[in-house]
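Structural features, examined
Letter by letter, the chains look like this.
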Amino acid sequence: MSLPRVLTVGTGAIGAIYSWRLSLSCHVTTVCRSNFEVVRHNGLKIESKKFGNEIFFPNQVLRHVPVNEQPYDYVLVTLKALSEVYNVADIIAPAVTKGKTAVVLIQNGLGVEEPIVERFPDTPIISVVAYIGTSQVSSGEIVMVGDESLMVGNYKPSPVNADVQIDRFADLLRKGGCTVHRVDDVEKVRWQKLFWNGAFSPVCALSRMNTTEILNHKPAMTTVKNLIAELTTAASAAGYKYNVDEQVAAMLEKTRSTAMDYKASFHVSSSSELGEMQHVIFSRKSLNRLLDLERGQPMEVEAILGTPLRRAKALGVKVPNLEMIYNLCSSANAHTLNMRARE
């Protein structure tokens, strides 16, 4: 019996970890860009507290999504959610076979499934929220700290029920030792992750403060609290009932207990269970790494701020702080992209 075929698109830290774990029960092809030559010749050097240390060689390493290959059972997308820069559906299109392929999205933010549904309405979507502390410290070298956890579920607006594919893929992950929690509606989990990511991340990015500095600076904390409150209110209006005061208190307490002295970023998914807040910050080994904004790289503004803003407005929820922080971060992103275009 042939092994399930997996194509990973976006083989950075998270893509490397889960490709490695899936390789215990699957044939895994990885699409690498900046680290292509290193991975092709030397494999991925991975250090993990949970899974151990290993040099992982995927079954196949490619620079681009292949055309006319043997069909894949799963296309695993671990690219940054940068709708301003590229359309994920366009990138993966050559590898999606109708009636065969399920698309797995391990990405931050809200609405990342929308372009997939629009392009591939008959394709099952497996939507995943990851809580994992990992980074690519140099090309092809991955460090994972602590535990990891995946919340896996249906994207309700999709016309295709993916329960069968979700259960099969979750089983493959578990065979690799991953912690997988099955959820009925993944959007609820995505909203809750935004309560932290949509508040601390943009304030850290714009102020250049770390979390400790923000907690000790009253004006910054006022903005963070207002953002958490508005995001919670928007989520409740969308049908996911959260108490504003409880969520504000929980986000601040978890930051104080597990996330001091961190610089939050728009694209980092660091570690632990749903209740722990290390999933939105850099691990201790990467404290000195600069934010995307500081490194001249685009931030995940639309997925983290833009989509919740638009949904809040559509539901008649007033979110002035979210709108202002979105406008500022979107402007910073536009500047970054303009500068990159001139290079």
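Procedures and definitions
Residues numbered from 1 in each chain as written. Predicted model: local features only at pLDDT ≥ 70, side-chain atom pairs only at ≥ 80, totals over all residues. Heavy atoms only, no water. Helix = DSSP H or I, 4+ residues; strand = E, 2+ residues; numbered from the N terminus. Expected span 1.5 Å × (residues − 1). Buried < 20%, exposed > 50% of the residue type's maximum accessible area, 1.4 Å probe, protein only. Pairing = 2+ DSSP bridges. 1 Å grid on protein atoms, 1.4 Å probe; cavity = no way out; pocket = protein on both sides within 12 Å on 5 of 7 lines; lining within 4 Å. Points joined across faces, edges and corners; volume = space filled by probe spheres on them. Nonpolar A, V, L, I, M, F, W, Y, C, P; charged D, E, K, R; others polar. Salt bridge = Lys/Arg side-chain N within 4 Å of Asp/Glu carboxyl O.

1. Quick notes on helix H9 (residues 218-237)
For an α-helix, 3.6 residues make a turn, and residues three or four places apart therefore share a direction. Look at H9: 28 Å from first C-alpha to last across 20 residues, which is about the 28 Å you get at 1.5 Å a residue. Residues of H9 that are buried include every one of Ala220, Met221, Val224, Leu227, Ile228, Ala229, Glu230, Leu231, Thr232, Ala234, Ala235 and Ser236, and no others. Phi turns positive one or two residues past the end of H9, at glycine 239, with a value near 110°.

2. Some remarks on the pairing of strand E9 (residues 141-154)
With respect to burial, E9 is a largely interior element, eleven of its 14 residues being buried. Looking at chain direction, strand E8 (residues 125-138) and E9 are connected through eleven bridges and run antiparallel. Within E9, the position partnered with tyrosine 131 by the bridge is serine 149. Remark: two residues form the turn of the hairpin made by E8 and E9, two consecutive strands paired antiparallel; glycine 140 in that turn has positive phi of roughly 80°. Summarising the sheet, E9 and strand E10 (residues 180-185) pair through five bridges and their orientation is parallel. Residue pairing across strands places glycine 153 opposite valine 183, the latter belonging to E10.

3. Quick word on empty space enclosed by the protein
Enumeration over the complete set of coordinates arrives at one cavity of 30 Å³ or more. Each pocket or cavity is described by its volume, and for the largest cavity that value is around 50 Å³. Taken together, Gln107, Asn108, Gly109, Val129, Arg190, Lys193, Leu194, Asn197 and Ile304 make up the full set of residues lining the largest cavity. Of the residues forming the lining of the largest cavity, the biggest block, four residues, is contributed by helix H6 (residues 186-197). In the lining of the largest cavity, the residues fall into three nonpolar, four polar and two charged.

4. Things to note about the pattern of salt bridges
The tally for this structure, following the rule as stated, stands at 16 salt bridges. A salt bridge links lysine 175 to aspartate 171; the nearest nitrogen and oxygen atoms lie 3.6 Å apart. Separated by four residues within a single helix, lysine 175 and aspartate 171 lie in helix H5 (residues 163-175), roughly one turn from each other. On the basis of relative accessibility, which here comes to 52%, the residue lysine 175 falls in the exposed class. Exposure remark for aspartate 171: the relative accessible area of 36% places this residue in the partly exposed category. The network of salt bridges with common partners includes Glu37, Arg40 and Arg63.

5. Topic: H6
Here H6 contains twelve residues, and its C-alpha end-to-end distance of 16 Å stays within 8% of the 16 Å for a straight helix at 1.5 Å per residue. Of all twelve residues that make up H6, eleven are buried, and the element is covered over most of its length.

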